[in-house]
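# Architecture at a glance
Here are the chains, one letter per residue:
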Amino acid sequence: VTTVEAAGSTFRPLGFSSVALPPAARELQAEVRAFLAAEQPRDAIGTRVDWYQPSPEFSRKVGARGWIGITWPKEYGGGGRSMLERYVVTEELIAAGAPVAAHWVADRQSGPVLLRYGSEAQRRRFLPGITAGEIYFSIGMSEPDVGSDLASVRTAARKVDGGWVVSGRKTWASRAHVSQFMIALCRTEAAGDRHDGLSQLIVALDSPGIEILPIRYMTGEHYWNDVVFTDVFVPDDMVIGNPGDGWRQVTSELTYERSGPDRFLSVLPLFVALIDKVGTRPDERAAASLGSIYAQLWTLRRLSMSVAAELDRGGSPRTEAALVKDLANCFEGLVVDASRDLVPPSARESGDTFDRLLDDGLLSRPAFTLRGGTSEILRTLVAHGLTSR
Ligand SMILES: Cc1cc2nc3c(=O)[nH]c(=O)nc-3n(C[C@H](O)[C@H](O)[C@H](O)COP(=O)(O)OP(=O)(O)OC[C@H]3O[C@@H](n4cnc5c(N)ncnc54)[C@H](O)[C@@H]3O)c2cc1C
C-alpha cells in the first residue's frame with residue numbers, strides 16, 4: 001500500500017483495479033441473456049424501476065439454473081463459481097428488471113453471512129433451500145429511531161434455558177411478510193463499548209409472538225414491514241457465531257449489500273426507455289446528458305467489478321464498497337432527474353413504458369440515498385477508510 005500526501009494529510013489510496021471478465025463469465029452472461037429472453041413474455045421483466053418485485057416462481061427458475069448462491073461451495077447446493085461470475089448474473093438480472101426480490105437478500109447477504117460465520121448445522125439447514133430459490137430471508141437491522149447508528153439497537157435477546165427470548169421492534173424489514181426467516185441484530189448483553197454485546201439471531205418469522213405490520217411504499221405497494229417481537233423464543237442453535245460477535249458480522253455483511261450492480265442498475269430500464277424516447281437524433285443538450293450518464297454507468301460498472309474481484313481474492317473492501325454505493329446512489333438519482341428534464345410533461349405519453357418507469361423512478365428516488373446506508377454515513381466511512389492505516 002502506497003500513501004499520498006495532500007494538504008498536510010496522509011491518505012491511503014483505494015484498492016480499485018482494472019478487471020476483465022474471464023471467458024467463463026462471458027459464456028455465463030450469454031446463458032443468462034438467453035434465459036431472460038425466453039422468460040420475458042411470462043414474467044414482468046423490465047417493467048419496473050428497481051428490483052423490488054418478488055416472484056417465487058421466477059426465483060425457483062433462477063435457482064434451478066444454479067444462479068443463486070453461485071459462489072457457494074457445491075456441498076451446500078452452491079455453484080462453486082467466482083464473484084465475477086456472480087457479478088455477471090446479478091448484472092443481467094437487474095439490468096433486465098427481473099423480479100428477483102424474493103431470493104435477493106438471502107443470495108446477496110444472508111447466505112454469505114451463514115457461510116462465513118454460521119455453524120455447520122445452520123449452513124446445511126438453510127443454504128440448499130436458498131440456492132433452490134425456496135428459502136427467503138429478511139434483513140433485521142434497523143429499528144424505529146435506529147438506522148444509521150446501528151450499534152444503538154434496542155431489540156433485546158435475554159438468555160433463558162435452551163435459547164433466547166427476543167423483545168423489540170425492527171423496521172423497514174425487507175419483505176418480511178413473504179420471507180420465512182430474518183437475521184435480527186439484537187443486544188444480548190449490556191456492554192461498555194456499544195459495539196460489543198450484539199448478536200445476530202436467525203428468527204423464524206412464523207414464531208409465536210411475532211407481528212408483521214406493513215409499511216406501504218409511496219407507490220402504495222407493500223415491500224417493507226415493521227416486525228414486532230414480544231417474548232419470541234429463539235433456540236441456542238439459531239445464534240450466528242458466538243454471542244457478542246454481531247457487530248463484526250454486520251459490518252462485513254454490509255460490504256456485500258453495498259457494492260453490487262443492484263445499486264446502480266435499478267434505473268437501467270428507465271435509462272433505456274429514455275434513450276428510446278429521445279430518439280436517434282437527440283439535440284446537443286440531450287446527447288451530452290445521455291453521454292455523461294453512459295460514461296458514469298461504465299465507470300460504476302468497472303468499480304463494482306473491481307470490488308467483486310477483491311472479494312474473490314478474500315479481501316474486505318469496505319471502503320470501496322461504501323464509495324461504490326454512494327456514487328451509485330447519485331447515479332440512480334441522476335437518471336431520474338435527466339429523464340424528467342429531457343422529456344417535458346408535454347412530450348410524455350400517459351401510460352407508455354417511459355411514462356410508467358419515470359413515475360416509478362420519481363417515487364423511488366428518495367429511497368436511493370437511504371436504503372443500505374445514507375450518503376452521509378457512506379461518505380464518513382470513505383473518509384475513515386482513506387485516513388486509517
Ligand atoms: C427503501 C428502504 C429499504 C430499507 N430496507 C431495510 C431492510 O430491509 N432492513 C433494515 O434493517 N433496514 C432497511 N432500511 C433502513 C435503512 O437502512 C435506514 O433507513 C438507514 O440506515 C437510515 O436510518 P434512519 O432511517 O434511522 O435515518 P437516521 O439514521 O435517523 O438518519 C437521518 C438523517 O441523518 C443523517 N445522519 C445520521 N447520522 C449521521 C451522522 N453520524 N453523521 C452525519 N449524518 C448523519 C442521515 O444521513 C440522514 O440523512 C431501508 C430503508 C429504506 C428507505
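The structure under discussion appears in the preceding block.
Keep in mind the model is a prediction, meaning the values are calculated, not measured.

Right, let's get into unusual backbone geometry. The backbone of W172 shows a phi angle near 60°, a positive value even though the residue is not glycine. Here W172 is to be found in the loop between β5 (163-170) and β6 (181-187). Even without glycine at this site, D231 takes up a positive phi of about 50°. In this fold, D231 is placed in strand β9 (residues 222-235).

Moving on, we come to the pattern of salt bridges. What the rule picks out here adds up to 26 salt bridges. Where R124 meets E120, a salt bridge forms, and the shortest distance between an N and an O atom there is 3.0 Å. Pair noted here: R124 and E120 are both in helix α5 (residues 120-131), with a separation of four residues, about one helical turn. By relative accessible area, which is 45% here, R124 ends up partly exposed. Each member of the salt-bridge network shares a partner with another, and the members are E75, E120, R123 and R124.

This part is about the layout of surface pockets. For the largest pocket, the calculated volume is near 1,300 Å³. Considering the residues around the largest pocket, the lining is formed by 47 residues, among which L254, R258, L370, G372 and G373 are closest to the centre. Of all the secondary structure elements, the ones that give two or more residues to the lining of the largest pocket are α4 (101-117), α6 (246-258), α9 (318-342), α10 (353-368) and α11 (375-387). The class makeup of the residues in the lining of the largest pocket is 21 nonpolar, 15 polar and eleven charged.

Cut-offs applied
Residues numbered from 1 in each chain as written. Predicted model: local features only at pLDDT ≥ 70, side-chain atom pairs only at ≥ 80, totals over all residues. Heavy atoms only, no water. Helix = DSSP H or I, 4+ residues; strand = E, 2+ residues; numbered from the N terminus. Salt bridge = Lys/Arg side-chain N within 4 Å of Asp/Glu carboxyl O. Buried < 20%, exposed > 50% of the residue type's maximum accessible area, 1.4 Å probe, protein only. 1 Å grid on protein atoms, 1.4 Å probe; cavity = no way out; pocket = protein on both sides within 12 Å on 5 of 7 lines; lining within 4 Å. Points joined across faces, edges and corners; volume = space filled by probe spheres on them. Nonpolar A, V, L, I, M, F, W, Y, C, P; charged D, E, K, R; others polar.

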